[in-house]
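Listed below, chain by chain, are the residues.
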Amino acid sequence: MAKKKENIEEKLSMKKESMWLTLEKKDIDKAMKFAEDYKEFLKEVKTERESVDYFLEIAKKKGFKDISEYKELKEGDKFYIVNRGKSLALGVVGKKKDRFDLVVSHIDAPRVDIKPNPLWEDSDSSLALLKTHYYGGIKKYQWVSRPLAIHGIVYTKSGKKIKIRIGDNPGDPVFVIPDLLPHLAGKAQGDRKLFDGIRGEEMQLVVGNTPINDDDVKQKVKTQVLQYLNEKYGMVEEDFNSADLEIVPADEPRDVGFDRGLIGAYGHDDRICAYTSFRAILEVKKPTYTSISFFYDKEEIGSDGNVGAQSNFLEYVLEKAYSLMNKNYTHTEFLDVLYNSRAISADVSAAINPIFKSVHDIQNAAKAGYGVVISKYTGHGGKYGSSEATAEFMHEILSLFQKNKVPYQIAELGKVDEGGGGTIAKFFARYGLDVVDMGPGVISMHSPYEVISKMDLWSSYLAYKVFLTQ
Ligand code: MN
Ligand code: MN
């Protein structure tokens with residue numbers, strides 16, 4: 001019999017398939033179960049503070065202890081460090097001490113914040129409103145005429161910390177930034193460009209309509225709102241001055257599509273990476289190198305500030321851990337360890353939006369359901385603002401995933417001159433360590449209702465787990 005001719009194309013070319021086709025039934029079942037857990041998490045958690053609280057509560061039950069409770073750190077010890085309730089590190093001590101393996105995500109998401117002097121009454125409309133200042137890169141027109149919730153904390157004059165969370169439960173009222181009716185919008189909005197359709201100062205939240213029944217009160221609707229806040233939370237108007245109050249979509253995460261293959265929710269960017277890397281670090285037992293998952297605030301506004309990735313929190317956590325692992329260490333030694341470390345910048349990428357395909361180079365774009373997206377570099381036109389992973393480090397990571405059967409795809413955000421975006425990779429790269437960007441593709445990123453594939457959720461979890469447990 002003649003030998004079957006070798007297919008040269010099959011031998012030399014790369015072939016990628018949807019994970020829905022390549023995964024075994026038992027793994028698809030596991031991924032579906034994981035997706036349910038993830039939806040529960042997103043339903044509970046809509047702010048950075050809530051993310052830290054959620055992770056910490058579970059981590060403590062799983063044996064993670066405040067690092068200050070340790071006199072020394074030994075193989076298998078689990079520790080945490082919280083930064084002002086808004087950033088967090090969860091670590092598991094490894095056998096070897098010459099490097100750290102880090103997965104770094106962010107837990108803030110684009111949203112609308114409440115101004116420090118927010119409340120006023122518009123007597124012409126007889127409505128009470130809160131003034132806002134949006135946070136991060138949003139398309140403002142997406143946030144109007146939709147149900148919104150308020151999450152955050154307020155300190156009352158007496159120093160009491162009040163947690164506020166209103167708009168998510170079925171019985172709760174919601175809030176709304178009212179858009180203009182099309183009948184009268186021709187001149188007021190019709191000539192504006194899309195991004196300018198709603199302006200910053202026009203984003204005002206309707207919070208009341210009932211006037212207080214008191215002839216001595218001038219601003220009756222506003223006073224009624226203050227009366228409610230005082231009775232419910234013990235607040236007075238001045239307490240807004242110091243508060244952290246965020247306006248977030250009131251919707252719940254839901255399956256998208258007849259086949260339930262996708263999840264629509266607020267905050268996939270970047271809580272999908274935070275949640276998957278959190279679940280991954282929980283499963284790390286005795287890694288070769290110390291593994292740490294970092295969860296940062298402030299990425300969406302440039303990673304500035306004391307809880308952002310440009311702060312020295314990384315150095316603080318690593319040196320603190322290293323000093324407890326090595327009693328007589330020198331700072332030079334520690335710098336070497338930093339330099340030799342490995343990090344995944346766990347952040348989302350853009351999956352192809354079928355309606356606006358022109359922004360992508362399809363051959364280099366992420367497809368929903370094809371696995372976690374690895375980006376050799378991010379940045380914009382000409383790779384500006386990017387930390388590019390070396391060929392050596394890319395090869396190391398890809399080999400690791402091939403060996404462990406982690407499905408992945410390699411992609412860029414969009415066409416070369418189309419736009420772009422950065423991640424925290426470059427801030428970590430300052431220490432000399434190797435870092436690469438990796439996370440699932442998202443459709444409609446930064447919108448109040450982002451969409452991801454359940455397969456990419458699963459693949460991200462597998463990727464972070466393999467990296468952290470190596
Ligand atoms: Mn992000
Ligand atoms: Mn983002």
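Please read all numbers here as calculations on a predicted model, not as lab measurements.

The rules behind these values
Residues numbered from 1 in each chain as written. Chains lettered and ligands numbered in written order. Predicted model: local features only at pLDDT ≥ 70, side-chain atom pairs only at ≥ 80, totals over all residues. Heavy atoms only, no water. Helix = DSSP H or I, 4+ residues; strand = E, 2+ residues; numbered from the N terminus. Rg over C-alpha atoms; globule rule 2.2 N^0.38 Å. Buried < 20%, exposed > 50% of the residue type's maximum accessible area, 1.4 Å probe, protein only. Contact = heavy atoms within 4.5 Å. Lys, Arg positive; Asp, Glu negative; His and termini not counted. Charge placed at Lys NZ, Arg CZ, Asp CG, Glu CD. Donors = N, O, S within 2.8 Å, 3.2 Å for Na, K, Ca; no water. Salt bridge = Lys/Arg side-chain N within 4 Å of Asp/Glu carboxyl O. Domains from an automatic or database assignment. Buried area = accessible area lost by both parts, 1.4 Å probe. Nonpolar A, V, L, I, M, F, W, Y, C, P; charged D, E, K, R; others polar. Pairing = 2+ DSSP bridges. Axes fitted to C-alpha atoms, helices over the stretch in contact; angles between N-to-C directions. Polar contact = N/O pair within 3.5 Å; in protein donor to acceptor, adjacent residues only side chain to side chain.

A.B. asks: Help me understand the overall build of the protein, please; the structure alone is not making it clear to me.
C.D. replies: The helix and strand inventory of the protein stands at twelve helices and 22 strands. For 470 residues, the compact-globule formula gives about 23 Å, and the C-alpha radius of gyration of the protein, at 24 Å, lands near that figure. Considering only C-alpha atoms, the protein reaches an extent of 95 × 60 × 45 Å along its principal axes. Put simply, the protein has 470 residues, and 52% of those count as buried. Pairs at least 24 residues apart make up 75% of the contacts formed inside the protein by residues separated by at least 6 positions. In the protein, 67 side chains carry a positive charge and 70 a negative one; their mean positions are 5 Å apart.

A.B. asks: What should I look at first to understand the coordination of the manganese ion (ligand 1) in this one?
C.D. replies: Reference values for angles at a metal are 109.5 degrees in the four-donor tetrahedral case and 90 or 180 degrees in the six-donor octahedral case. Looking at the metal site, the manganese ion (ligand 1) is ligated by His106 (NE2), Asp269 (OD), Asp347 (OD) and Asp347 (OD), spaced 2.1 to 2.5 Å from it. All donor residues of the manganese ion (ligand 1) come from one chain, and their arrangement in sequence is H-x162-D-x77-D. Between the manganese ion (ligand 1) and the manganese ion (ligand 2), both coordinated by Asp269, there is a metal-metal distance of 3.3 Å. In this pair, His106 sits in strand β4 (residues 96-106) while Asp347 sits in the loop between β14 (342-346) and β15 (349-350), placing the two residues 241 residues apart along the sequence. The class of His106 is buried, set by a relative accessible area of 2%. With relative accessibility at 10%, the residue Asp347 sits in the buried group.

A.B. asks: Quick question: what am I supposed to make of the pattern of salt bridges here?
C.D. replies: Pairs may arise between side chains of opposite charge once their charged atoms sit close together. By the definition in use, this model includes 33 salt bridges. Between Asp27 and Lys26 there is a salt bridge whose closest N-O contact spans 3.9 Å. Note that Asp37 and Arg279 form a salt bridge whose closest N and O atoms lie 2.9 Å from each other. Linking Asp37 in helix α3 (residues 25-44) with Arg279 in helix α7 (residues 268-282), this pair joins segments that are 242 residues apart in sequence.

A.B. asks: Is there a simple way to think about the coordination of the manganese ion (ligand 2) in this case?
C.D. replies: Taken together, the protein donors to the manganese ion (ligand 2) comprise Asp269 (OD), Glu300 (OE), Glu300 (OE) and His446 (NE2), at separations of 2.1 to 2.6 Å. The motif formed by the donor residues of the manganese ion (ligand 2), counted along the single chain, is D-x30-E-x145-H.

A.B. asks: Just checking my understanding: could you explain the domain arrangement of the protein for this structure?
C.D. replies: It is common to report an interface's size as the accessible area lost on association of the parts. Looking at the assigned domains, one finds that the protein contains domain 1 (15-109 + 266-469) and domain 2 (111-249). Taking only C-alpha atoms into account, the centre of domain 1 sits 34 Å from that of domain 2. Contacts between the two partners involve 21 residues from domain 1, matched on the other side by 17 residues from domain 2. Together domain 1 and domain 2 conceal approximately 1500 Å² of surface at their shared face, both sides included; 45% is due to carbon and sulfur atoms. The largest per-residue losses of area from domain 1 upon contact with domain 2 belong to Lys46, Arg49 and Pro448, which jointly make up 33% of the total buried on that side. Here Lys163 and Asp53 are joined by a salt bridge, their closest N and O atoms 3.3 Å apart. Those elements giving two or more residues to the side of domain 1 that touches domain 2 turn out to be α3 and α4 (48-61). If you tally residues by element for the side of domain 1 that touches domain 2, the top one is α4, at four residues. Per-class residue counts for the side of domain 1 that touches domain 2 are five nonpolar, three polar and 13 charged.

A.B. asks: Would you take a moment to explain the sheet that holds strand β8 (residues 161-166) for this structure?
C.D. replies: Strand pairing in a sheet relies on backbone hydrogen bonds, with the paired strands running either antiparallel or parallel. Within the open sheet, the six strands sit side by side as β8-β7-β10-β5-β6-β9. Their pairing is antiparallel. In the strand order of this sheet, the two ends are held by β8 and β9 (204-208), each with one partner. Neighbouring strand axes in the sheet, compared pairwise and without regard to direction, differ in orientation by 30° on average. For strand β5 (residues 111-122) and strand β10 (residues 244-249), the ladder comprises two bridges, and the chain directions are antiparallel. Each residue of the ladder has a partner; that of Asp113, found in β10, is Glu246.

A.B. asks: What is the right way to look at the environment of Ser453 in this model?
C.D. replies: For Ser453, the position within the fold is in strand β22 (residues 450-453). Put simply, Ser453 and Gln227 are 226 residues apart on the chain and 45 Å apart in space, counted from C-alpha to C-alpha. Sequence-distant contacts of Ser453, that is, excluding residues within four places in its chain, are made with Trp20, Gly261, Leu262, Ala368 and Gly369. Polar side-chain contacts of Ser453 include one of 3.1 Å to the backbone nitrogen of Met455.

A.B. asks: Sorry, what's going on with the pairing of β4 here?
C.D. replies: Looking down a regular strand, the side chains alternate between one sheet face and the other. Along β4, eight of the eleven residues are buried, which leaves the element largely enclosed by surrounding structure. Examined bridge by bridge, β4 and strand β13 (residues 289-296) share eight bridges and lie parallel to one another. Considered in β13, the bridge of Val103 is made with Ser293. Where β4 meets β14, four bridges bridge the pair, whose relative direction is parallel. Residue pairing in the sheet places Val104 in a bridge with Ser345 of β14.

A.B. asks: What am I meant to see in unusual backbone geometry here?
C.D. replies: Excluding glycine, residues mostly have negative phi values, and the peptide bonds linking residues are mostly trans. A cis geometry characterises the amide bond from Asp269 onward to Asp270, with omega recorded as 10°. The backbone of Ser145 sits at a positive phi, close to 50°, despite the residue not being glycine. Looking at the element boundaries, Ser145 is found in the loop between β6 (127-135) and β7 (148-155). Despite not being glycine, Lys405 shows a phi value in the positive range, around 55°. Relative to the helices and strands, Lys405 resides in the loop between α10 (391-403) and β18 (408-410). Judged by its relative accessible area of 71%, Lys405 is exposed.

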